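Reading the structure
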Amino acid sequence: MSKRFGDSVAVDDVTLTIEPGEFMTFLGPSGSGKTTTLNMIAGFTDLSAGALEIDGRPVGGTPAHKRDIGVVFQHYALFPHMTVAQNIAFPLQQRKVPKTERERLVAAALETVQLPDHASRYPAELSGGQQQRVALARAIVFSPRVLLMDEPLGALDRKLREFLQLEIKRIHREIGSTFVFVTHDQEEALILSDRIAVFNNARIEQVGTASELYERPATLFVARFLGESTILRGTARPDGSGSAIDGAGFAVRAPGRIEGGKAALVVRPERLRLTPDEPVTADGANAVPVTVVEEIYLGAARKLEVALPDGGHGLVREQAGSLSDLRVGDRAVLRWHPDDCVLLPDDPTIERIFT
Ligand SMILES: Nc1ncnc2c1ncn2[C@@H]1O[C@H](COP(=O)(O)OP(=O)(O)OP(=O)(O)O)[C@@H](O)[C@H]1O
Ligand SMILES: [Mg+2]
């Protein structure tokens, strides 16, 4: 499906199947089309082109309130003049659920979000996190098939966000509905999701489980956006079943082939080893001469930032217990097995600072 606003394309031919009961996360930078896609699913925004089905039925002509979808936004959007119980009962009243059943469902929803004692409070008497839990209760009280959440934790501080991430995960397990969650926080996406759709420039670049995206990024953008990596750039040519890549000051090997020759090699920090010796490749490993430029202490591990011969920077993760003796300023050799890197067509718009 696609969405245009005047001349600009907010969502460009996005195709996606979300499985029943799945926790799907839309991850991507600001302006990449996540909210617009969510709004089309919810029925708040018309499609410019394409089609949308829920449970195998086209919903193009179905208004938002008839789609059986619950929605939670970044800002709580509770009715300030209603109590917590009245807020949560609202969608049930709209659906003409009888009073006793309504009270039972409101109490159950309050239990689910762990606020059973707050029914008679007003939103202004709740903390931000509590308000967001009430918004969640209001969205799930009518047992929607689908729950859409647009950065619901974005306005909360880190501790509360981490707590509510686990709550949302638990609620997903409990109620079994399909969840679609929008965030631009990769850690949040990794914690919550069965699968992640990575948005960039109005398109989905890749859909997959966290480990698929991390181990086998399909594009340089996905590699950069999800997790840390070292990126080496060079010219690739076929070599056996894989490729040989020549860069400025190094020659390495990688699995697979690419079109066009201009290559970017992606290696994750825990796949790299730093050794103080000369760059010999007798063990079949790739070896690139580097200089250690920064050391970052992480308790259970440390990260070393290294300067690559072509002017770029790389990042190595060493577990506590198997730390090298290397220090800032030391010359060293960066090693990894050719199978432990991913060869991708270069994308000159993507810089290679790690993070
Ligand atoms: N109502 C609108 N009118 C015109 N342009 C819009 C409208 N809504 C969104 N856009 C544009 O469509 C593009 C995608 O916006 P969208 O809100 O879907 O991004 P997003 O991925 O949710 O970003 P963020 O992380 O900042 O919320 C942006 O360029 C935005 O400016
Ligand atoms: Mg948005």
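Counting starts from 1 at the beginning of each chain's written sequence and moves along it residue by residue. The order in which chains are written sets their letters, starting at A; the order in which ligands are written sets their numbers, starting at 1. Only residues with pLDDT of at least 70 are given local features in this predicted model, and only at 80 or more are side-chain atom pairs given and counted; all residues enter the totals for whole chains, interfaces and linings.

1. Let's talk about the sheet that holds strand 9 (residues 195-200)
One open sheet accounts for six strands, arranged 6-7-8-3-9-10; its pairing is mixed. Each edge of the open sheet carries a strand with a single partner, namely strand 6 (69-72) and strand 10 (203-208). The mean inter-strand angle of the sheet, taken between neighbouring strand axes irrespective of direction, is 15°. Whether two strands pair comes down to DSSP finding at least two bridges between them. We count a stretch as a helix when DSSP gives it H or I for four or more residues in a row; a strand needs E for two or more, and each element gets its number in order from the N terminus. In the sheet, strand 3 (residues 23-27) pairs with strand 9 via four bridges, with the strands oriented parallel. Looking at the pairing, M24 lines up with R195 of strand 9. Each residue is represented by a C-beta atom placed from its backbone, and any two residues with such atoms within 7 Å are regarded as in contact. Each axis is a line fitted through C-alpha atoms, and for a helix only the stretch in contact is used; angles between axes span 0 to 180 degrees, taken between their N-to-C directions. Here helix 4 (residues 128-140) sits on the sheet in contact with strand 6 and strand 7 (146-150), set at roughly 170° to strand 6.

2. A few points about the packing of helix 4 against helix 5 (residues 158-175)
At a minimum axis separation of 11 Å, helix 4 and helix 5 run at an interaxial angle of 15°. Compared by their axis directions, helix 4 and helix 5 come out roughly parallel. In this structure, helix 4 crosses over helix 5, and the sense of that crossing is right-handed. Every residue of helix 5 that contacts helix 4 at G129, Q132 and I140 is listed here: L160, L164, I171 and I175. Polar here means any residue outside two lists: the nonpolar Ala, Val, Leu, Ile, Met, Phe, Trp, Tyr, Cys and Pro, and the charged Asp, Glu, Lys and Arg; Gly therefore counts as polar. Class assignment for the residues of the contact of helix 4 with helix 5 results in five nonpolar, two polar and no charged. Angular relationships are summarised with four words: roughly parallel below 35 degrees, roughly antiparallel beyond 145, roughly perpendicular across 65 to 115, and oblique for the angles in between. Handedness of each helix crossing follows the sense of rotation of the near helix against the far helix: counterclockwise by less than a right angle gives left-handed, clockwise gives right-handed.

3. Regarding the site of ligand 1
Nearness here has a simple definition: the residue's C-beta atom, placed using the backbone, must lie within 6 Å of the molecule or strand. Contacts to ligand 1 come from F5, S8, A10, G28, S30, G31, S32, G33, K34, T35, T36 and H184. Among the secondary structure elements, those contributing two or more residues to the shell around ligand 1 are strand 2 (8-11) and helix 1 (34-42). With three residues, the top contributor of residues to the shell around ligand 1 is helix 1. For the shell around ligand 1, the per-class residue count stands at two nonpolar, nine polar and one charged.

4. A look at the sheet that holds strand 12 (residues 242-247)
Strand order in this open sheet of five strands is 13-12-11-14-20, and the pairing throughout is antiparallel. A strand with exactly one partner marks an edge of an open sheet, and here the two such strands are strand 13 (250-254) and strand 20 (342-345). Strand-to-strand twist in this sheet, taken as the mean axis angle between neighbours without regard to direction, amounts to 40°. As paired strands, strand 11 (residues 230-239) and strand 12 are joined by five bridges and run antiparallel to one another. Residue D239 lies in a different strand from strand 12, and its bridge partner there is G242.

5. Comments concerning helix 2 (residues 84-94)
A turn of α-helix holds 3.6 residues, and therefore any two residues three or four places apart point the same way. Listed in full, the buried residues belonging to helix 2 are V84, A85, N87, I88, A89 and L92. At its buried positions, helix 2 is contacted by helix 3 (99-112) and helix 4. Immediately downstream of helix 2, the backbone of K96 shows phi near 60°, a positive value. Labels follow a simple rule on C-beta atoms placed from the backbone: if 20 or more others lie within 10 Å of a residue's own, it is buried; if 12 or fewer, it is exposed; otherwise it is partly exposed.

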